[in-house]
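Fold and geometry: a report
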Amino acid sequence: MANAYEKTPWRTAIANVKGDDIYLRGYHFLELAEKVDFASVLYLMYKGELPNKGQARMLNALLVTMIDHGIAPSEAVSRVVAASGSPIQAAIAAGILTIGDIHGGAGEACARMYQERLSKGKNQGKSIPQIAEELVAERRKAKQLIEGYGHPMHPSGDPRGPWLLNMADQCGVSGEYAALARAIEGALAKAAGRLIGINIDGGSAAILCDLGLDWRLARPILITARSVGLAAHAWEEMTRERGWRIVAAEDDVLYDGVPERKLR
């Protein structure tokens, strides 16, 4: 006899649709729309339960800090695509596709690093400062980047990272991951002889981990927020600029190929 899964190959614990009614993690979607904010429903979708007030406040603040960063790579790409006459969803998608390991997506790697370092039974009673020092020493010896620290657009320090950690303290959600993030910053400064401050990727990663979210959700949460900013940039490009965005003028491009030549 076929089991229930073989009869119904699609299964989900997220949404249940019954005629005109939709239940999200057991809650009627219209009741959620009436009584619950978007950040809390986002948490519900990922965790299965609604957040407490501190968690909801922190997640909302986190989403706001991620919404835009000026004409950064993702915004620039969205504007170029929008100026080329493509539909707005294509411009937004193009900007999202620029989010990778270097631009925007380092929070995922950082969250994974935090969770793997603090996995149960791995550290044998070591303190968080000891774990941080070992991590920094290992990465520096291997000449590997420590994700979540330093920022090319903020050489004097990304203000969003420490602000987020302080906000987590205020909201009562700071836990062992926030402590590890701060300890790594201290260990890195000691090893490098200068402060390499925690950036938004490191701060947000620690907070998402302390909120109990899996590291794989760090990038989707960033994309959720940043898509709003990308849409605003694409819309502005379409409605305020003349179109056909020139990426670089002739004098801005250095050609270093072979000299001009003719066919024989």
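Here the structure is shown first, and the text comes after it.
Residues numbered from 1 in each chain as written. Predicted model: local features only at pLDDT ≥ 70, side-chain atom pairs only at ≥ 80, totals over all residues. Heavy atoms only, no water.

Some thoughts on the side chain of Arg226
Defined as follows: Runs of E in the DSSP output that reach at least two residues are strands. Runs of H or I that reach at least four are helices, and both are numbered from the N terminus. Note on definitions: a residue-residue contact is assigned when non-hydrogen atoms from the two residues lie within 4.5 Å.
Take Arg226: it is sitting in helix H12 (residues 218-240). Discounting chain neighbours no more than four positions away, the residues touching Arg226 are Met66, Ile67, Asp68, His69, Ser74, Glu75, Ile99 and His103.

Observations concerning the environment of Val173
One can find Val173 in the loop between helix H9 (160-171) and helix H10 (176-192). Beyond its immediate sequence surroundings of up to four residues, Val173 is in contact with Gly54, Gln55, Met58, Ala168, Asp210 and Leu211.

Some details on the side chain of Arg160
Along the chain, Arg160 falls in helix H9. Not counting residues up to four positions away in its chain, the partners in contact with Arg160 are Thr65, His69, His151, His154 and Ile200.

Observations regarding the pairing of strand E2 (residues 21-24)
Selection rule: Pairing between strands requires that DSSP locate at least two bridges from one strand to the other.
Where strand E1 (residues 15-18) lies against E2, four bridges are found, and the strand directions are antiparallel. Within the sheet, the bridge partner assigned to Val17 lies in E2 and is Ile22. Here E1 folds back onto E2, and the loop between the two strands holds two residues, one of which, Gly19, carries a positive phi near 60°. Relative to strand E3 (residues 27-28), E2 runs antiparallel, the two sharing two bridges. Bridge assignment links Tyr23 to a residue of E3, and that residue is His28. Connecting the antiparallel pair E2 and E3 is a turn made up of two residues, with Arg25 showing a positive phi of about 50°.

So, helix H5 (residues 73-83)
What counts is decided by this rule: Here's how the labels work: a residue is buried when its accessible area is under 20% of the maximum for its type, exposed when over 50%, partly exposed in between, all with a 1.4 Å probe on protein chains only. For this quantity, the arc is that covered by the directions from the helix axis to the C-beta atoms.
Listed as buried for H5 are Ser74, Glu75, Ser78, Arg79, Ala82 and Ala83. Buried positions in H5, seen along its axis, are confined to an arc of 165° and lie on one side of it. Buried residues along H5 sit against helix H6 (88-97) and H12. One or two positions beyond H5, positive phi appears at Gly85, with a value near 95°.

What to know about the pattern of salt bridges
Put simply, the rule reads: Each reported salt bridge corresponds to a side-chain nitrogen of Lys or Arg within 4 Å of a carboxyl oxygen of Asp or Glu.
Applying the stated criterion to the full structure yields 17 salt bridges. The closest approach of N and O atoms between Glu236 and Arg79, which form a salt bridge, is 2.8 Å. With Glu236 in helix H12 and Arg79 in helix H5, this pair connects stretches of sequence that are 157 residues apart. The exposure class of Glu236 is partly exposed, given its relative accessible area of 25%. The closest approach of N and O atoms between Glu138 and Arg117, which form a salt bridge, is 2.3 Å.

What about helix H4 (residues 53-66)?
The test is simple: Given a helix with a known number of residues, its expected span is that number minus one, times 1.5 Å.
Across its 14 residues, H4 extends 20 Å between first and last C-alpha, which sits within 8% of the 20 Å expected from 1.5 Å per residue. H4 sits mainly inside the fold: ten of its 14 residues count as buried. The set of residues buried in H4 consists of Gly54, Gln55, Ala56, Met58, Leu59, Ala61, Leu62, Leu63, Thr65 and Met66. Packing partners of the buried residues in H4 comprise helix H3 (38-47), H9, helix H11 (200-210) and H12.

Looking at a nonpolar patch on the surface
The condition that has to hold: Patch definition: residues above 30% relative accessible area lacking any salt bridge, with like charges linked at up to 9 Å and the nonpolar side chains Val, Leu, Ile, Met, Phe, Trp and Tyr linked at up to 5 Å. Each accessible area is a Shrake-Rupley result for a 1.4 Å probe, and residues are judged covered by the shown protein chains and nothing else.
Taken together, the side chains of Ile88, Trp235 and Met238 make up a nonpolar region of the molecular surface, amounting to roughly 290 Å² of accessible area. As for its position among the elements, Met238 is in helix H12. Looking at Met238, the relative accessible area reads 35%, which means it is partly exposed.

Comments concerning unusual backbone geometry
We note that Arg25 has phi near 50°; this positive angle belongs to a residue other than glycine. Within the secondary structure, Arg25 is located in the loop between E2 and E3.

A short note on the packing of H6 against H12
The condition is simple: For every element, the axis is a line fit to its C-alpha atoms; helices are fit only across the contacting stretch, and the angle between N-to-C directions ranges from 0 to 180 degrees. In what follows, roughly perpendicular refers to angles from 65 to 115 degrees, roughly parallel to angles under 35, roughly antiparallel to angles over 145, and oblique to any angle outside these ranges. Handedness of a crossing is defined here by the sense of rotation of the near helix relative to the far one, left-handed for an anticlockwise turn of less than a right angle and right-handed for a clockwise turn. Classification used: nonpolar for Ala, Val, Leu, Ile, Met, Phe, Trp, Tyr, Cys and Pro, charged for Asp, Glu, Lys and Arg, polar for all others including Gly.
The interhelical angle for the contact between H6 and H12, taken along N-to-C directions, is 130°, at an axis separation of 9 Å. Compared by their axis directions, H6 and H12 come out oblique. The hand of the H6/H12 crossing is right-handed. Here H6 contributes Ile88, Ala91, Ile92, Gly95 and Ile96 to the contact with H12, which in turn contributes Ile223, Ser227, Leu230, Ala231, Ala234, Trp235 and Met238. For the contact of H6 with H12, a count of residues per class yields ten nonpolar, two polar and no charged.

Examining the sheet that holds E3
Pairing in this open sheet of three strands is antiparallel, and the strands run E1-E2-E3 from one edge to the other. Bordering the open sheet on either side are E1 and E3, each of which pairs with just one other strand.

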